[in-house]
Amino acid sequence: MNFEEMKARIATGQGFIAALDQSGGSTPKALNAYGVEDSEWNGEEEMFAKIHEMRCRIVDSPSFSNGKVLGAILFEKTMEGCGKDGSPIPALLARRNVVPFLKVDKGMEDEADGVQLMKPIPNLDALCARAKELGVFGTKMRSVIHEANRDGVAAIIAQQMDFGLQILSKGLMPILEPEVSLKSETRPQAEALVLANALDQLERVPEGQQVMWKLTIPSEPNLYKPLIDHPKVLRVVALSGGYSREQACRELAKNDGMIASFSRALLEVLEAKMDDAQFDQALGNAIDEITCASTGETAA
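Each chain carries its own residue numbering, running from 1 in the direction its sequence is written. Confidence filtering applies because this is a predicted model: local features only for residues at pLDDT of at least 70, side-chain atom pairs given and counted only at 80 or more, and all residues used for totals across whole chains, interfaces and linings. The side-chain values count all of the structure's non-hydrogen atoms but skip hydrogen atoms and water molecules.

Aromatic pairing here means that ring centres of Phe, Tyr or Trp (its six-membered ring) are within 6.5 Å. Orientation follows from the plane angle: under 30 degrees is stacked, over 60 is edge-to-face, and everything else is tilted. This model, assessed by the stated rule, comprises 4 aromatic pairs. Here the aromatic rings of phenylalanine 101 and phenylalanine 137 are separated by 5.5 Å at their centres, their planes lie at 90 degrees, and the arrangement is edge-to-face. With a gap of 36 residues between them, phenylalanine 101 in strand β3 (residues 99–103) and phenylalanine 137 in the loop between α6 (124–133) and β5 (138–145) connect regions that are remote in the sequence. For every residue, the accessible area (1.4 Å probe, protein chains only) is compared with the maximum for its type, and the residue is labelled buried under 20%, exposed over 50%, or partly exposed between those bounds. With relative accessibility at 0%, the residue phenylalanine 101 sits in the buried group. Classification of phenylalanine 137 by relative accessible area gives buried; the value is 0%. Every member of this aromatic cluster is reached through a ring pair, and the members are Phe3, Phe101 and Phe137. A ring is scored as having a charge over it whenever the NZ atom of a lysine or the CZ atom of an arginine sits within 6 Å of its centre and within 35 degrees of its normal. Above the ring of phenylalanine 279, the side-chain terminus of arginine 57 is found at 4.2 Å from the ring centroid. Only DSSP runs of H or I covering at least 4 residues are called helices, and only runs of E covering at least 2 are called strands; the numbering of each starts at the N terminus.

Our next topic: the nonpolar core. Throughout, nonpolar core names a set of buried Ala, Val, Leu, Ile, Met, Phe, Trp, Tyr and Cys residues whose side chains join them through atoms within 4.5 Å. Residues Ile58, Phe64, Trp213, Leu227, Phe262 and Leu266 are the most contacted members of the largest nonpolar core, which totals 84 residues. Contact between two residues is taken to exist if any of their heavy atoms lie within 4.5 Å; hydrogens are not considered. What isoleucine 58 contacts, discounting residues up to four positions off in sequence, is Leu20, Phe64, Leu267, Leu270, Phe279 and Leu283. Among the nonpolar cores identified, the runner-up in size contains 16 residues, and Ile73, Ile175, Met212 and Val237 belong to it.

Turning next to the environment of valine 69. Relative to the helices and strands, valine 69 resides in strand β2 (residues 69–74). Each C-alpha atom of the pair valine 69 and asparagine 97 lies 8.4 Å from the other, and the pair is 28 residues apart in sequence. Look past the residues within four positions of valine 69 in its chain and what remains in contact with it is Arg9, Phe16, Ala18, Phe64, Asn97, Val98 and Ile287.

Within this document, salt bridges are pairs made up of a side-chain nitrogen of Lys or Arg and a carboxyl oxygen of Asp or Glu, the two lying within 4 Å of each other. All told, the structure shown has 19 salt bridges when counted by the stated rule. Linking aspartate 21 and lysine 140 is a salt bridge whose minimum nitrogen-to-oxygen distance equals 2.8 Å. You can see aspartate 21 sitting in the loop between β1 (16–20) and α2 (27–34) and its partner lysine 140 sitting in strand β5, a full 119 residues away along the chain. You can call aspartate 21 buried: its relative accessible area is 9%. A salt bridge links glutamate 191 to arginine 187; its shortest N-O distance comes to 2.8 Å.

Turning our attention to the pairing of β1. Consecutive residues of a regular strand have side chains that alternate between opposite faces of the sheet. For β1, the buried fraction is high: 5 of the 5 residues fall into the buried class. Taken together, the 5 bridges between β1 and β2 define a ladder with parallel strand orientation. Bridge pairing links alanine 19 to isoleucine 73 in β2. If DSSP finds at least two bridges between two strands, the strands pair.

With respect to the helices and strands, the residue proline 178 is situated in strand β6 (residues 173–180). Of the residues examined, proline 178 reaches a relative accessible area of 1% and is grouped as buried. Proline 178 sits 102 residues away from glutamate 76 along the chain, and the two C-alpha atoms are 20 Å apart. Those residues in contact with proline 178 that sit more than four places away from it in its chain are Ser143, Ile145, Ile156, Ile157, Gln160, Trp213, Lys214 and Leu215.

The structure is reproduced here in structure tokens:
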């Protein structure tokens, strides 16, 4: 797939985007959930090797190429890793009609004004160039909103767009992810501020160009419809944010035009001890359920 073919697949495809971008902080939990104990690896390199094995098993699973996975968000080390046939992971995904994205943020600052801004990304231009060289379509970066603080939310949405415009200028599609914590006591008010600020910030996107948003499933169904319908937005995707897959799918299905970009909710039933047939069946069932929630179809 070339860039325009990838863009069309993300814009109109019936399915969802898999988030396979667990980074240093979340990797041990992801491995534990998969059935890999801390004692089975020693040091960061071995830890990332273990999670890379898990991601490769997912990507190589037949059900991952059934047409329902529109895209996959990769961690940088996964992007540079190679598949079983020696291919870079982005190329392997593209051959299977799965659009590759790259997580580019470097983590978050401490909380201030009710939010956690992203840390600086000093190598962003070089990272974008490398990603484009490997056939990556877009990027993703995450920051978190804990409270409905007007200044904090405005700052976090502006920072997302600042980086987004930089990424756009390098020829990649940015996914902007200002997550609203499900634990927030002012979640509905925070979500309203996200919508208002996102609409304001879209004025900065050059005519004829688009960005994507990855947002917490809103407490008020279809709150983000103005973003979904906006001409400068390619697609709005939802994070699972700590929901179980059942909860996330139930809540997502209430929102027309919003599709999933799940991580934990996709991987929660996968176990390292499964044989390949069991693994593929469990993954396939998860993919089917998340696709149904994303498209409004009824599960078989």
